[in-house]
Amino acid sequence: MRIAMIGTGYVGLVSGAAFSEFGVEVACIDKDKAKIARLQKGEIPIYEPGLEALVDSNVKAGRLSFSTDLASAVREADAVFIAVGTPSRHGDGYADLSYVYTAAEEIAAALNGYTVVVVKSTVPVGTCREVERIISKKRPDADFDVASNPEFLREGSAINDFMRPDRVIIGAESDRAEQLLRSLYRPLYLIETPVIFTTLETAELTKYAANTFLAAKITFINEIADLCEKVGADVQDIARGIGLDGRIGRKFLHAGPGYGGSCFPKDTLALVRTARDKGAPLSIVETVVRVNDERKRRMATKIVEACGGSVMGKTIAVLGLTFKPNTDDMRESPSLDIVPELQNAGATVRAFDPQGMAEAKHLLPNVVWCEDAYDAMKGADALAIVTEWNEFRALDLDRARTLLKAPIMVDLRNIYRPADVAAAGLRYVSIGRPAAEPPPRAARASG
Ligand SMILES: NC(=O)c1ccc[n+]([C@@H]2O[C@H](COP(=O)([O-])OP(=O)(O)OC[C@H]3O[C@@H](n4cnc5c(N)ncnc54)[C@H](O)[C@@H]3O)[C@@H](O)[C@H]2O)c1
């Protein structure tokens, strides 16, 4: 079996490498010549734990290759996956499908023998039918089926998510397409992964339903956190208290600065648009979008308030810029709202992120870029944790106190126990938990 993966980004590269690990011959294709040149030299253009070793071993085994030559790869493939981006269209929130449709045109021109064209990108309901129409129009002679196979991997744990998924969703409407995709995913049958075969429309919509549900779950706990702050309750205990109920589940109940990333913001918006267009508005999702947008901006105010109501002329140390740990992806990260708001309020921002700074430098002007967490803290009037990288979970708090000009920590990810931070002599402000004040100096000294 041979496949072509069109689009070698976060999804295409991980999926391509993982399929090659399953024993399939995979050609990963991208229009971005620089990206392909790096991959051909053995360099991985993104940060994703475990990816370098997976790519390296499969390239060495001769099962994984990288190229800009879409036509040759498609000609030889039994299945062609479309894994190109579907960002928000500027201004209106609809998914921009131009990359998908361009890829469909290019694939059509090169089809050779029976081929299944599999849409892996997240696309609004109806897109697979349009891909079918584009290909049939360009190549009425082509022997092909279109299938939908939305991807659920998460950046940061992408390889495990792909190789041990909770489920696989496949929209396929011919026996031939179904059989081909069954054999491609055979290794997952061996570990008893549920595989749901359904229609194109259902598969497309399943992906959006999943992402918007998760976005709603995060937004729900974030609003509960706001209420906790007003009434003196602890959102983490509440999350545990409700999460242990099997009907609710424990995951995605971490209060924080609002969801970001390359998927939730654009997918919630796109589903809102589809639902309105079809006359079945999703008012829950519309509210989730609004509440989350407001929240990201409000996080800067939280930091300002922790600094006594003004950051004019002050310096804020910001730890973590990516939208979550273990990725270098900055798309729609809360830091992109928080840092400029702090700067607009008159603050200087000293920032550090373990993997995101190369990308962040293009997106966040006038930031003082630091060597590490402690470098960022030097002379700062407050420390703000924006992304919960592991290396920020066990900071030397005594050292932090001596480096900071004012002993204030704002933890937007709740990674510390309030009592521990207060005991180290820092005022601690987190999300949905009472602020913790340090004990008087004398008490600290005597332990
Ligand atoms: N990133 C995630 O965590 C994630 C998870 C699940 C689903 N998805 C979905 O998967 C899709 C891809 O997302 P991503 O994050 O990998 O995007 P990405 O921007 O990282 O990668 C897309 C790649 O496609 C390439 N490309 C565009 N048009 C092309 C063409 N005609 N031929 C060849 N290459 C082309 C681009 O150069 C780019 O390298 C999106 O629809 C996204 O919503 C993403």
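As a reminder, the structure under discussion sits directly above these lines.
What you see is a predicted model; the values in this text were computed from it and never measured.

What counts and what doesn't
- Numbering of residues begins from 1 in every chain and follows the order in which that chain's sequence is written.
- Only residues with pLDDT of at least 70 get local features here, since the model is predicted, and only at 80 or more are side-chain atom pairs given and counted; chain-wide, interface and lining totals rely on the full set of residues.
- Heavy atoms from the whole structure form the basis of all side-chain values; hydrogens and water molecules are not counted.
- Here a cavity denotes a set of grid points, spaced 1 Å apart and computed over the protein atoms alone, in which a 1.4 Å probe fits but from which it cannot get out, and a pocket denotes an open set meeting protein on both sides within 12 Å along at least five of seven lines; residues with an atom within 4 Å of a point are reported as lining.
- Grid points are joined across faces, edges and corners, and a volume is the space filled by probe spheres set on the points.
- Each helix corresponds to a stretch of at least 4 residues labelled H or I by DSSP, and each strand to a stretch of at least 2 residues labelled E; elements are numbered beginning at the N terminus.
- Residues are grouped as follows: Ala, Val, Leu, Ile, Met, Phe, Trp, Tyr, Cys and Pro are nonpolar; Asp, Glu, Lys and Arg are charged; every other residue, Gly included, is polar.
- Under the scheme applied here, a residue whose accessible area is under 20% of the maximum for its type counts as buried, over 50% as exposed, and between as partly exposed, the area being computed with a 1.4 Å probe on protein chains only.
- Positive: Lys, Arg. Negative: Asp, Glu. His and the chain ends are not part of the count.
- One side-chain nitrogen of Lys or Arg within 4 Å of one carboxyl oxygen of Asp or Glu is enough to make a salt bridge.
- Every residue pair with non-hydrogen atoms within 4.5 Å of one another is taken to be in contact.
- Two strands pair if DSSP finds at least two bridges between them.
- Between N-to-C directions, angles cover 0 to 180 degrees, with each direction set by a line fitted to C-alpha atoms, over the stretch in contact for helices.
- Should an angle fall under 35 degrees it is taken as roughly parallel, and over 145 as roughly antiparallel, whereas 65 to 115 is taken as roughly perpendicular and any remaining angle as oblique.
- Take the far helix as your reference; a near helix turned counterclockwise from it by less than a right angle gives a left-handed crossing, and one turned clockwise gives a right-handed crossing.
- Nearness here has a simple test: a residue counts as near a molecule or strand if at least one of its heavy atoms is within 4 Å of that partner.
- Each polar contact in these results corresponds to two N or O atoms within 3.5 Å; when the atoms are within protein, one needs to be able to donate a hydrogen and the other to accept it, and residues that are neighboring in sequence are counted only if both atoms are side-chain atoms.
- Areas reported here follow the Shrake-Rupley algorithm with a probe of radius 1.4 Å; residue values treat only the protein chains shown as occluding.
- Note on terminology: a nonpolar core comprises buried Ala, Val, Leu, Ile, Met, Phe, Trp, Tyr and Cys residues joined through side-chain atoms within 4.5 Å.
- Only centres within 6.5 Å qualify two rings of Phe, Tyr or Trp (six-membered ring in Trp) as a pair; their planes then separate them into stacked at under 30 degrees, edge-to-face at over 60, and tilted for everything else.
- Over a ring means this: the NZ of a Lys or the CZ of an Arg is within 6 Å of the ring centre and within 35 degrees of the ring normal.

### Section: empty space enclosed by the protein
Argument step 1. In this structure the tally under the stated criterion is 1 cavity of 30 Å³ or more.
Argument step 2. Here the largest cavity is characterised by a volume of approximately 50 Å³.
Argument step 3. Lining the largest cavity, in full, are V119, S121, T122, V123, S148, P150, A203, E204, K207 and Y208.
Argument step 4. Among the elements that take part in the lining of the largest cavity, helix α10 (residues 200-231) stands out by supplying 4 residues, more than any other.
Argument step 5. Broken down by class, the residue content of the lining of the largest cavity amounts to 5 nonpolar, 3 polar and 2 charged.

### Let's talk about the side chain of K296
Argument step 1. With respect to the element layout, K296 can be found in helix α13 (residues 283-306).
Argument step 2. Although K296 is buried, it makes no salt bridge; E332 carries the closest opposite charge, 4.1 Å away.
Argument step 3. If near-sequence neighbours (up to four positions away) are discounted, K296 is found in contact with P257, G258, Y259, G260, E332, P334, D337 and I338.

### What to know about the pattern of salt bridges
Argument step 1. One pass over the full model with this rule turns up 32 salt bridges.
Argument step 2. For the salt bridge of R38 with E43, the shortest nitrogen-to-oxygen distance reads 3.0 Å.
Argument step 3. Judged by relative accessible area, R38 falls into the partly exposed class, the value being 36%.
Argument step 4. Across the pair R276 and E286 runs a salt bridge whose closest N-O atoms are separated by 2.7 Å. With R276 in helix α12 (residues 264-277) and E286 in helix α13, this residue pair connects regions lying 10 residues apart in the sequence.

### As for the environment of T315
Argument step 1. Here T315 is to be found in strand β9 (residues 315-319).
Argument step 2. Separated by 63 residues in the primary sequence, T315 and K378 place their C-alpha atoms 9.4 Å from one another.
Argument step 3. Among residues more than four places away in sequence, those in contact with T315 are T348, R350, G379, A380, D381 and A382.

### Things to note about the sheet that holds strand β13 (residues 408-411)
Argument step 1. Overall, parallel pairing links the 6 strands, which are arranged β11-β10-β9-β12-β13-β14 in an open sheet. Single-partner strands in this sheet number two, and they are β11 (368-369) and β14 (427-429).
Argument step 2. Two elements, β13 and β14, share 3 bridges in a ladder whose sense is parallel. When the bridges of β14 are listed, M409 appears paired with Y428.

### A closer look at the packing of α10 against helix α11 (residues 235-243)
Think of two packed helices as two axes; the pair is described by the angle between the axes and how far apart they sit.
Argument step 1. Remark: α10 packs on α11, axes separated minimally by 9 Å, with the N-to-C direction vectors making an angle of 135°. In this view, α10 runs oblique relative to α11, as classed from their interaxial angle. The handedness of the crossing between α10 and α11 is right-handed. Where α10 abuts α11, its residues F220, I221, I224, A225 and C228 lie against V235, I238, A239 and I242.
Argument step 2. Grouping the constituent residues of the contact of α10 with α11 by class yields 9 nonpolar, no polar and no charged.

### A look at the site of the ligand
Argument step 1. The full set close to the ligand counts 26 residues, and D30, K35, T86, E155 and K266 are the nearest of them.
Argument step 2. V11 has a polar backbone atom sitting 2.8 Å from an oxygen atom of the ligand.
Argument step 3. A distance of 2.9 Å separates an oxygen atom of the ligand from a polar backbone atom of T122.
Argument step 4. In the complex, the protein chains occlude 89% of the 840 Å² of accessible area that the ligand would expose alone.
Argument step 5. Within the residue set of the shell around the ligand, elements represented by two or more residues are α1 (10-21) and α5 (98-110).

### Looking at the nonpolar core
Argument step 1. Core analysis: the biggest nonpolar cluster contains 63 residues, and I316 and L342 have the highest contact counts within it.
Argument step 2. The element that contributes the greatest number of residues to this core is α13, accounting for 5 residues.
Argument step 3. Each residue touching L342, except ones within four places of it in the same chain, is listed here: A300, I303, V304, V311, I316, V318, A347 and V349.
Argument step 4. One finds I36, A158, I159 and I170 within the second-largest nonpolar core, a separate group that totals 42 residues.

### Considerations on the pairing of strand β2 (residues 25-29)
Residues in a regular strand point their side chains to alternate faces of the sheet.
Argument step 1. Among the 5 residues of β2, 4 are classified as buried, and the element is accordingly described as predominantly covered.
Argument step 2. With 5 bridges joining them, strand β1 (residues 2-6) and β2 adopt parallel strand pairing. When the bridges of β2 are listed, I3 appears paired with V26.
Argument step 3. Note: β2 against strand β3 (residues 64-67), 4 bridges, orientation parallel. If you follow A27 over to β3, its bridge partner there is S65.

### Section: the packing of aromatic side chains
Argument step 1. A complete count under the given rule lists 10 aromatic pairs for this structure.
Argument step 2. Between the aromatic rings of F162 and Y185, the centroid separation amounts to 6.5 Å while the plane-to-plane angle is 35°, which identifies the pairing as tilted. Of this pair, F162 sits in helix α7 (residues 158-163) while Y185 sits in the loop between α8 (175-184) and α9 (186-190), and the two are 23 residues apart along the sequence. In this pair, the class of F162 matches that of Y185, namely buried.
Argument step 3. Each ring, one from Y259 and one from F264, has its centre 5.9 Å from the other, and the planes form 80°; the classification is edge-to-face. Of the two residues examined, Y259 and F264, each falls in the buried class.
Argument step 4. Here the aromatic cluster, defined as three or more aromatic residues joined through ring pairs, consists of F19, F22, F81, F162 and Y185.
Argument step 5. Looking at R176, its charged tip hangs above the ring of Y114, at a distance of 3.7 Å from the centre.
Argument step 6. The residue whose ring lies beneath R399 is Y374, and the NZ or CZ to ring-centre distance is 3.9 Å.

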